[in-house]
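Below are the chains, spelled out letter by letter.
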Amino acid sequence: MLKVIRESAGLTQERFAERLSVDITTVQGWESGRRPLMATSTGTYLGLRHSLLCLGAQPRLLLQLDTALEADRFIGYVLSANPGDATADDHPLATWVITRPFTDLVAWPFTKTAPSAVAAVAKGIGRRGPAGAGPSLLPDERAHFFDRLKTAAESADVESVKGLLLRRQAHYVAGFDDGGDTADWLASMQRAEERRTGKTVGDWTPSWAVIRSGAHSLARIGDREGLQHFIRTRLANDVCEVANLNYWAYWLGEVSEPQVSDMFMVELSPDDWRGTHLGRHLTSKLDSANPYVDVVVHTLWALFMLRPFRS
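A. How the structure looks around the overall build of the protein chain. Helix and strand content of the protein chain: 17 helices and zero strands. Relative to a compact globule of 311 residues, whose C-alpha radius of gyration would be 19 Å, the protein chain shows 21 Å and is just as compact. If one aligns the C-alpha atoms of the protein chain with their principal axes, the spans along those axes are about 65 × 50 × 35 Å. Looking at the protein chain as a whole, 48% of its 311 residues qualify as buried. Partitioning the intrachain contacts of the protein chain with sequence separation of at least 6 by distance along the chain shows that 70% fall at a separation of at least 24.

B. Unusual backbone geometry, seen in detail. Its identity is not glycine, yet Ser 21 carries a phi of approximately 60°, on the positive side. By secondary structure assignment, the location of Ser 21 is in the loop between α2 (13–20) and α3 (24–32). According to the relative accessible area criterion, Ser 21 is exposed, its value standing at 68%. Phi angles above zero are rare outside glycine, and Lys 112 is one such case at about 65°. Tracing the backbone through its elements, the reader meets Lys 112 in the loop between α7 (100–111) and α8 (116–122). What makes Lys 112 exposed here is its relative accessible area of 54%.

C. Quick look at the packing of aromatic side chains. Within this structure, the stated rule accounts for 13 aromatic pairs. Note on Trp 208 and Phe 230: the rings are 5.4 Å apart at their centroids and 55° apart in plane angle, and the pair reads as tilted. Placement of Trp 208 in helix α12 (residues 206–220) and of Phe 230 in helix α13 (residues 225–234) is noted, with a sequence separation of 22 residues between them. This pair shows no difference in class: Trp 208 is buried, exactly as Phe 230 is. Both rings, one in Tyr 247 and one in Trp 251, keep their centres 6.1 Å apart while their planes meet at 20°; by these two values the pair is stacked. Placement of the pair is Tyr 247 and Trp 251 together in helix α14 (residues 238–251), with a separation of four residues, close to one helical turn. Like Trp 251, Tyr 247 is buried. Members of the aromatic cluster, joined through ring pairs, are Phe 74, Trp 96, Phe 102, Phe 110, Phe 145 and Phe 146.

D. Just the packing of helix α16 (residues 276–284) against helix α17 (residues 293–306), in detail. Two elements in contact, α16 and α17, have axes separated by 9 Å at closest approach and are oriented at 145°. Crossing of α16 against α17: the hand is left-handed. Note on element contacts: α17 touches α16 through Val 296, Thr 299, Leu 300 and Leu 303, opposite Leu 278, Gly 279, Leu 282 and Thr 283.

E. Region of the structure containing the nonpolar core. By size, the foremost hydrophobic cluster in this structure holds 89 residues, and its most contacted members are Phe 74, Phe 145 and Leu 149. Looking at this core element by element, the count peaks at ten residues for helix α5 (residues 59–80).

F. Highlighting the packing of α12 against α13. Where α12 meets α13, the closest approach of the two axes is 8 Å, and the angle between their N-to-C directions is 150°. Here α13 runs roughly antiparallel to α12, going by the angle between their axes. Listed contacts from α13 to Trp 208, Ile 211, Arg 212, Ala 215, His 216 and Ala 219 of α12 are Gly 226, Leu 227, Phe 230 and Arg 234. A breakdown of the residues in the contact of α12 with α13 according to their chemical character gives six nonpolar, two polar and two charged.

G. The arrangement of the pattern of salt bridges in detail. Per the counting criterion, the structure on display carries 14 salt bridges. With a shortest N-O distance of 2.8 Å, Arg 168 and Asp 262 are connected by a salt bridge. Separated by 94 residues along the polypeptide, Arg 168 in helix α10 (residues 161–174) and Asp 262 in the loop between α14 and α15 (264–267) bring together distant segments of the chain. Neither residue differs from the other here; Arg 168 and Asp 262 are each classed as buried. As a salt-bridge pair, Asp 294 and Arg 224 come within 3.3 Å of each other at their nearest N and O atoms. One end of the pair, Asp 294, is in helix α17; the other, Arg 224, is in the loop between α12 and α13, and 70 residues separate them in sequence. Under the relative-accessibility criterion, Asp 294 is labelled partly exposed at 21%.

Cut-offs applied
Residues numbered from 1 in each chain as written. Predicted model: local features only at pLDDT ≥ 70, side-chain atom pairs only at ≥ 80, totals over all residues. Heavy atoms only, no water. Helix = DSSP H or I, 4+ residues; strand = E, 2+ residues; numbered from the N terminus. Rg over C-alpha atoms; globule rule 2.2 N^0.38 Å. Buried < 20%, exposed > 50% of the residue type's maximum accessible area, 1.4 Å probe, protein only. Contact = heavy atoms within 4.5 Å. Phe/Tyr/Trp six-rings, centres within 6.5 Å; stacked < 30°, edge-to-face > 60°. Axes fitted to C-alpha atoms, helices over the stretch in contact; angles between N-to-C directions. Left-handed = near helix turned anticlockwise from the far one by under 90°. Core = buried A, V, L, I, M, F, W, Y, C linked by side-chain atoms within 4.5 Å. Parallel < 35°, antiparallel > 145°, perpendicular 65-115°, else oblique. Nonpolar A, V, L, I, M, F, W, Y, C, P; charged D, E, K, R; others polar. Salt bridge = Lys/Arg side-chain N within 4 Å of Asp/Glu carboxyl O.

Below, the structure written as structure tokens:
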């Protein structure tokens, strides 16, 4: 992320190091990960951000840099955690509801798909010589990361709100693995959650959120039937419809306050967010090739039923 920001401002590593009054090896270490940026002092980091702003970096990209540090911290936590820590209460996925910008940055090393804001900027950057297309992990690190996430999802405490948040989010992020057995694992986890919740299809519970994320993960890998089944059986009343809308609003940034549990889906009033951005986003995703198009259509309908679209 730092490399994209530097290049978008038209700076070479040499020029950037000169403006920061640091050795070029420091900049190279930050960008390669050999010298983690989050290991610097708060003062150094704030000075770096201020310098980037003065050098012409886009403010919205600097916000992405902050989120990239969160993503680095999360990936580092998962890679370094002991097996017995898989369900610890301080697990990053048990302490807050992750956002779309955060998830896009976490997924980048695995899917090789740059976040939209990054991709738009990177297209206009002329590169000299070989350069990596994005962040990456070694194969054994990648396998270890997903193994730990799957363990966390399987072992989470399903009797607590925090445990179900961990289960849902670990399940969802593990879905970015394109390994041969992940599709079967996702389907197995979804079936297990469906069995565990029984016939309470009309009720909202934290388990409802787990099933929602599972259905989206399955759709991403090509199984759209799971998402269609979720729409038919789990969006059966106004409470669940509003919960779905509230989550979309949070995911897309219309709800700006960080949330620490999935309870916000039913505790938040839809009047607390406008819906303009949500409506435009959903409309832009009305594409039959979109794996989520079924829920996009349904959610757009629910938004129109809740209130008229606001321009």
